[in-house]
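# Commentary on secondary and tertiary structure
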Amino acid sequence: MTRPPTSSSPSSEPLFTPAGIIPTEEQRNIQTCRARHVIAMANAGAAKTTTLALRIAESVTRGVWPESIVALTFSGEAARVLKARLVEIGLDEKLARRVRCTTFEEFAQQVLGAFEGGQAPFLASHDAVAPHVRAAVRKLQLENSMRRTPRELWLPEHNDQIFEFLTLAGQLKARLVKPGVEDGESIEERAGFLDLPESVFLLYCLMEAERAGYGDAPRWRAGFDATYDLACMLTSEDCAIELPAFRIVVVDELQDMNPASYAVLEHLLARGNAFFTGAGDFDQVIHRWAGADVNFIRTRFGQGWRSVESLPLTRTYRHGPVMALATAALKDKEVVSGRRHETRLQLETYATQRDGAGRVAACILDWTRRGGRPDACAVILRAPYQSIHIENALLEAGIGWRVEGLESYLLRSEILMLRGVIAFALEDYESIPGVEKRLQVLQALLFWQQFEWGADRRDDDALKTAAAQPELFDAFLKGKLLKPQTRADKKAAEMSGDEEMQSEFHFLEKLAQLRKSGHHHEANALANIRQAESETIDETPAQRSARVRLEQTLAMLRAAPPDELAHALLERAVGLLALKSVARQLFIAPSTAAMVSRSIDGFIDASRRNAMSLRDFAGWLRKAEVKASRLRASATVLLCTVEAAKGQEFESVMLPFLEDGAFPMTGCDPAEERNRFYVAVTRVRDELTLFVPETAPRVSPYVAAMKIDKARSRGSLQLDAQTGFQD
């Protein structure tokens, strides 16, 4: 969005006087602006929510009925905070309760529920949607097999693949991509235009058709489906739905807007000829995965609106002058600190990533020694794979941690798979502690071995029994993973454990009836068919290749000298298993496969610690899990991704591995990467520590863009001036 701040529409004196705060001139300008469309372009920590509350309270004071005001947000917590803020600034609680504060999704659900005569069943998680994906996959496979020339289709089968597909489907809905093709357009052309594999677009179309059903209401909805469905209805040529009319529409966190929610907003504004006020920090656009991207904000948001006022909120109350000046330099915009307390900004250098992780742990210990609380400290990562070194360093330092936006590396499927291979090679199944962890290992092995194991068999009794009794691990290896799949196995894979038992019971019952009635030839023929099915190998080339690779890998590991170093063996194992190339087959998004590859590299590097043998490394992993679990029982630091940190603030923030290629990450949009960095550094209140490589050319360009030395000198002068004025 390139529209600069303007002030063409005059403001009047405010009628509402808030309690407990003295609004800045910028806030008063937004509170009283007469323009029909007001966009508050805010900095991080600039009291956006308070400013929107002032705007609402001003409208109510001027006689606007609270019921004719709606405030829309992108999270339930943001809606709750906005309503609470109305009361905090002094609006009568009874009046505040009458203002409708809700999320876009809840608003869409209510509108659709009234139109459809009730709420469609809601599926709250990917796990709940996954069975519908599997059903659609089976239907698409059947339809494809009946084509004169079947397509070559990649279709998701395992949980990780299904979750990845659902993420992509969510992106399509956020972009308001409707299923089907335009007149004269082929499926191939449409998929190419959307930069999608043909199979993904076909499955998306079928899933939406299955979800829609044939009645007036869909069969079910999942997260964001209500917003998408409402946007589709509003933008259709024969729109039959009518939105409620509001006089005032307010939106918080405008930067998270995507095409679907924007379509709802535009129709809502048109319905009531409403006045609009929205606040957002457009330098925080990092949710391209959810449909919000820089280009959409710049080129489409607010285009065609008349009487638009873009007003700044430059003053941040989150951090002090040094940080304000540093972020101003980073984003080339005005940022002013409203705090008289300084924010400490420091650089720490590291030689290697392991060394960098150790310095992070040392800085956390220093923070706690100086009285800082562990739970007020966050280590923010650009990517989940970076957590491996950090987690190991925290473990050795005795620091407990919790995670947001990522899984602990010991729980990632590629690492669980390798741990299973290690356990098989050593025949040490106790090295994987706990039934639940062993079950996860077995599931990961099935996934990475591309084993056909239907949805209903993922947690069946055979897996659970093997997980509960480690001595059965070897039987699982020989009886499942290393055994060529037969026709009988393939049939069983599509059944649940109970269905398989029932099928076996019916077979034996039918066999007995035939023999009892004297039809011995038919009974023998039936038994021969069953025997042939159990002996006839029916596996894909990929499955056979995976099975052979696993056999070769286990043979290599078992033949290795007991004292051979773990990292050397694991490097050979990863090569024999071809895990990095298999990842490119298993995951749709190239970025996911790249992350898996980096995660594997980090795991191997962890095995280099203390020059351990494979058996010692397996024991170290077990002890690490037990110790990590114990550490989590006390106060913990937060280990999270940038996306998970967005919207939060912490007393102390640490950003490790700030090197070119890692942050900004190679292959990613530079504008969005700069926004991610901005989000990360602006989470801080009191102390920000940036960890950079010793070699200057490798340092992230974003660190240089902050002009830290200049910010320190100018910020200190500003702070001294403020302190002197206060004295």
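Residues numbered from 1 in each chain as written. Predicted model: local features only at pLDDT ≥ 70, side-chain atom pairs only at ≥ 80, totals over all residues. Heavy atoms only, no water.

## Some words on the overall build of the protein chain
- Scanning the protein chain from terminus to terminus reveals 31 helices and 16 strands.
- Counting the 727 residues in the protein chain, one finds 53% classified as buried.
- For the protein chain, long-range pairs separated by at least 24 residues make up 78% of all intrachain contacts whose partners lie at least 6 apart in sequence. (Helix = DSSP H or I, 4+ residues; strand = E, 2+ residues; numbered from the N terminus. Buried < 20%, exposed > 50% of the residue type's maximum accessible area, 1.4 Å probe, protein only. Contact = heavy atoms within 4.5 Å.)

## Some words on the environment of Gly-113
- One can find Gly-113 in helix α5 (residues 104-116).
- Here Gly-113 falls in the buried class, since its relative accessible area comes to 11%.
- With 113 residues separating them along the chain, Gly-113 and Ala-226 place their C-alpha atoms 9.6 Å apart.
- The contacts of Gly-113, once residues within four sequence positions are left out, are Gly-118 and Gln-119.

## Focus: the sheet that holds strand β6 (residues 248-252)
- The strand order across the open sheet formed by 6 strands is β3-β2-β6-β7-β1-β8, and the pairing between neighbours is parallel. The sheet is open, and its two edges are formed by β3 (100-103) and β8 (308-313), each paired on a single side. Going from strand to strand, the sheet's axes swing by 15 degrees on average, the running direction of each strand aside.
- Taken together, the 5 bridges between β6 and strand β7 (residues 275-280) define a ladder with parallel strand orientation. Within the sheet, the bridge partner assigned to Ile-248 lies in β7 and is Phe-275.
- Sheet strands in contact with helix α3 (residues 76-88) are β2 (69-73) and β3, and its direction is about 165 degrees off that of β3. (Pairing = 2+ DSSP bridges. Axes fitted to C-alpha atoms, helices over the stretch in contact; angles between N-to-C directions.)

## Quick look at the packing of aromatic side chains
- Inspection of every chain in the model, using the stated rule, returns 13 aromatic pairs.
- Judged by centre distance (5.7 Å) and plane angle (80 degrees), the ring pair of Phe-447 and Trp-448 falls under edge-to-face. We note that Phe-447, like Trp-448, is buried.
- Above the face of the Phe-275 ring, Arg-36 is positioned so that its terminal group lies 4.1 Å from the ring centre.
- Looking at Lys-331, its charged tip hangs above the ring of Tyr-678, at a distance of 5.9 Å from the centre. (Phe/Tyr/Trp six-rings, centres within 6.5 Å; stacked < 30°, edge-to-face > 60°. Lys NZ or Arg CZ within 6 Å of the ring centre and 35° of its normal.)

## Description of helix α13 (residues 321-331)
- Counting buried residues along α13, 10 of its 11 residues qualify, which places the element largely inside the surrounding structure.
- All of the buried residues in α13 are Pro-321, Val-322, Met-323, Ala-324, Leu-325, Ala-326, Thr-327, Ala-328, Leu-330 and Lys-331.

## Things to note about the sheet that holds strand β13 (residues 401-404)
- Here we have 6 strands laid out as an open sheet, ordered β11-β16-β15-β12-β14-β13, and parallel in their pairing. With partners counted over all chains shown, the strands left at the sheet margins are β11 (344-350) and β13, one partner each. Adjacent strand axes in the sheet meet at a mean angle of 20 degrees when their direction is disregarded.
- Bridge count between strand β12 (residues 377-381) and strand β15 (residues 650-655): 3 bridges; the pairing is parallel. Bridge pairing in β15 places Val-379 opposite Met-654.
- Set on the sheet, helix α29 (residues 670-681) makes contact with β12, β15 and β16 (684-693); between it and β15 the angle comes to about 140 degrees.

## So, the confidence of the model for the protein chain
- For the protein chain, the mean per-residue pLDDT works out to 86, and 90% of the residues sit at or above 70.
- Under a pLDDT of 50 for its full length, residues 453-459 has, in the predicted model, 27 contacts with residues more than four places off or in other chains. (pLDDT = per-residue confidence, 0-100.)

## A closer look at unusual backbone geometry
- Cis geometry is adopted by the peptide bond preceding Pro-664, which originates at Phe-663 and carries an omega value of 15 degrees.
- Here Pro-664 is to be found in the loop between β15 and α29.
- We note that Asn-273 has phi near 45 degrees; this positive angle belongs to a residue other than glycine.
- Along the chain, Asn-273 falls in the loop between α11 (259-272) and β7.
- A relative accessible area of 48% places Asn-273 in the partly exposed class.
- In this structure, Glu-427 takes a positive phi of about 55 degrees despite not being glycine.

## Overview of the packing of helix α9 (residues 198-212) against helix α10 (residues 225-234)
- Put simply, α9 and α10 touch, their axes get as near as 14 Å, and they point 90 degrees apart. The orientation of α9 relative to α10 falls into the category roughly perpendicular. Where α9 abuts α10, its residues Tyr-204, Glu-208 and Arg-211 lie against Asp-225, Tyr-228 and Asp-229.
- Here the residues of the contact of α9 with α10 are counted per class, giving 2 nonpolar, no polar and 4 charged. (Parallel < 35°, antiparallel > 145°, perpendicular 65-115°, else oblique. Nonpolar A, V, L, I, M, F, W, Y, C, P; charged D, E, K, R; others polar.)

## Details of the side chain of Arg-382
- Inspection of the secondary structure puts Arg-382 in the loop between β12 and α15 (387-397).
- Assessed through its relative accessible area of 8%, Arg-382 is described here as buried.
- A polar side-chain atom of Arg-382 sits 2.8 Å from a polar atom in the side chain of Glu-673.
- If we skip the residues at most four places from it in the chain, Arg-382 touches Val-642, Ala-662, Phe-663, Met-665, Cys-668, Glu-673 and Arg-676. (Polar contact = N/O pair within 3.5 Å; in protein donor to acceptor, adjacent residues only side chain to side chain.)

## Topic: the pairing of β16
- In terms of residue burial, β16 counts as a mostly covered element, since 9 of its 10 residues are buried.
- As defined by bridge partners, β11 adjoins β16 across 7 bridges and the pair is classed as parallel. Along β16, the bridge assignment pairs Leu-347 with Leu-690.
- Where β15 meets β16, 5 bridges bridge the pair, whose relative direction is parallel. Its bridge partner being in β16, Met-654 is matched across the sheet by Thr-689.

## With respect to helix α17 (residues 435-448)
- Here α17 is 14 residues long and its end C-alpha atoms lie 20 Å apart, about the 20 Å a rise of 1.5 Å per residue gives.
- Counting buried positions over the 14 residues of α17 gives 11, a clear majority of the element.
- Every buried residue belonging to α17 is among Lys-437, Arg-438, Leu-439, Val-441, Leu-442, Gln-443, Ala-444, Leu-445, Leu-446, Phe-447 and Trp-448, and all of these are buried.
- Gln-450, located one to two residues past α17, shows a positive phi value of around 55 degrees. (Expected span 1.5 Å × (residues − 1).)

## Details of the pattern of salt bridges
- Using the criterion set out here, one finds 42 salt bridges in the structure.
- With a shortest N-O distance of 3.1 Å, Arg-419 and Glu-625 are connected by a salt bridge. Of this pair, Arg-419 sits in helix α16 (residues 413-426) while Glu-625 sits in helix α27 (residues 614-631), placing them 206 residues apart in sequence. Accessibility assignment for this pair places Arg-419 and Glu-625 in one class, buried.
- Among the ionic contacts, a cluster of salt bridges with common partners joins Glu-116, Lys-173, Glu-208, Arg-211, Arg-221, Asp-225 and Asp-229. (Salt bridge = Lys/Arg side-chain N within 4 Å of Asp/Glu carboxyl O.)

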